[in-house]
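A closer look at the structure
Chain by chain, the residues:
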Amino acid sequence: MTRPGVTFARRCFFAGALLLLACGGARSQDCDGPVAEGLTENRYLFAGGFSWITRKGADRLIRQARRAGFNVLVPAVWKGRGSGWPSQFAEKEMKWLKKGVVADFDPLAYLIEQAHANGLEVHPWFTLSKRQADFMPVYHDDGTPTNFFNVHREDFRRFIADLVGEVAERYPVDGFNLDYVRAGGVCRADLCQQDYLQRTGHSLSVDLLARQVNSAAYERLLQWNRRAVTLMIEEVAGAIRAHRPEVPISIDTHLEVEELQLQGVDAAGWLNNNLIDLIFQMQYLTVSDEDIEVISDIRAQLSNPHRLMLLVGNFSYSTMRKATRKVEVLPAATVADFIARGRAFSRRGNGVGLFEYSMLNEAQIEALALGPFLEPAKPRGYCVRVH
């Protein structure tokens, strides 16, 4: 696996930005303009496993998505342990190797080809900073938050931008979904200690101890993480837009969780500054009236509220204690209700997402097909107001 001397991100970021401005009309639909005949609404199905990595698995995903009424597939292609396509930058995804996929088969190319033939869009899903194995240790030195890559490392930010940019360059995808766009905590590695001192003039260790009682220390930590994570999203977005300036970039987050802000998340700021195009609010376990009220208040703070959607779940936990909890499939009627609420929350057809495909059973498929997705819909791209 070789790395080019000049990365996608550094080579193309400013070119991508210029293309974005030049092609703004192509990347979006006018919120007040005419829409295509028939119902147009994005209905996203997130597939977090790699069952799609074989021909049989891909065909099954497409078939079940269509039966339920979904029209956009969001397959996980990178979960911090290997790639779901033949990459020059990383080893193959572990499940690819376990499933014995033939060496010359490109599972992502096959999925995209078959999905497009069946009227479905494909938005590859990357967990940027999440690490799910003892993988690429050069990017998670001692002191990096557990199960994360070190976003404060310039070489990691270049690597992840190259990785995503490779997909943008090689595949006719319809969008990109970015998850775990955060630091995972506060890095305590030697590199981080030195960087923090250089950038803030303060001790990282002291500020970590003082953050609960010293608002200035807390703010320094927040801004330090935010800088690194924003640089990461800038480089990744630049790599995407250098090759596919017309496709939307979405992220998954919890807008209301303060801890994620300390980890560098600035979803509203990235959206308002056009680094990203869409936000999925992860609303997996409940979609109550109170939940909608809280998220609606946050949506009002966005310069373009049309870009916020709900990503609802079709599962629950037996207990909230991670060590002992079991995942349980939600009743079909509950899933249909969650989707209906998500559709009502959406504006101008930007749509609703469901996580997770592996939990999608026959009863849920039927409830969706005969309920909120009874009327078939074509993907509509996404609706933004271009200022």
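So, how was this worked out
- Residues numbered from 1 in each chain as written.
- Predicted model: local features only at pLDDT ≥ 70, side-chain atom pairs only at ≥ 80, totals over all residues.
- Heavy atoms only, no water.
- Helix = DSSP H or I, 4+ residues; strand = E, 2+ residues; numbered from the N terminus.
- Buried < 20%, exposed > 50% of the residue type's maximum accessible area, 1.4 Å probe, protein only.
- Contact = heavy atoms within 4.5 Å.
- Areas by Shrake-Rupley, 256 points an atom, 1.4 Å probe, with all protein chains shown as cover.
- Expected span 1.5 Å × (residues − 1).
- Arc of directions from axis to C-beta.
- Polar contact = N/O pair within 3.5 Å; in protein donor to acceptor, adjacent residues only side chain to side chain.
- Pairing = 2+ DSSP bridges.
- Right-handed = clockwise from strand over helix to strand, strands pointing away.

The number of helices and strands found in the protein is 13 helices and 13 strands. Burial status across the protein gives 55% buried among its 387 residues. By sequence separation, contacts in the protein at least 24 residues apart represent 78% of the contacts at least 6 residues apart. With the model as given, the accessible surface of the protein reaches about 16600 Å², and the carbon-plus-sulfur share is 51%.

Turning our eyes to something else, we now look at unusual backbone geometry. Despite not being glycine, N147 shows a phi value in the positive range, around 65°. A positive phi angle is found at Y180, which is not glycine, with a value near 50°. Locating Y180 in the fold gives a position in the loop between strand 6 (176–179) and helix 6 (190–200). A residue is classified by how much of its surface remains accessible, and Y180, at 23% relative accessible area, is partly exposed.

With 14 residues, helix 12 (residues 332–345) should cover 20 Å at 1.5 Å per step; its first-to-last C-alpha distance of 20 Å lies within 8% of that length. Of all the residues in helix 12, the buried ones are A332, V335, A336, F338, I339, G342 and F345. Residues of helix 12 that are buried make contact with helix 11 (289–299), strand 9 (308–313), strand 12 (352–355) and helix 13 (362–369).

Listed as buried for helix 13 are Q364, I365 and L368. Buried residues along helix 13 cover an arc of 100° about the axis, so they all sit on one side. Check the buried side of helix 13 and you find it contacts helix 2 (55–68), strand 11 (327–329), helix 12 and strand 12.

A separate point is the side chain of Q263. Among the structural elements, Q263 can be located in the loop between helix 9 (258–262) and helix 10 (267–272). Polar contacts involving the side chain of Q263 include one to the main-chain amide nitrogen of G184, which spans 2.9 Å. In this view, Q263 contacts R182, A183, G184, G185, N225 and V229; residues no more than four positions away in its chain are not counted.

What follows concerns the pairing of strand 6. Of the two faces of strand 6, the one lined by F176 and L178 and the one lined by N177 and D179 are each fully buried. As defined by bridge partners, strand 5 (residues 125–127) adjoins strand 6 across three bridges and the pair is classed as parallel. Paired with W125 across the two strands is N177, which belongs to strand 6. In the classification by handedness, the crossover that spans strand 5, the intervening helix 5 (residues 154–170) and the parallel strand 6 is right-handed. Examined bridge by bridge, strand 6 and strand 7 (residues 249–253) share three bridges and lie parallel to one another.

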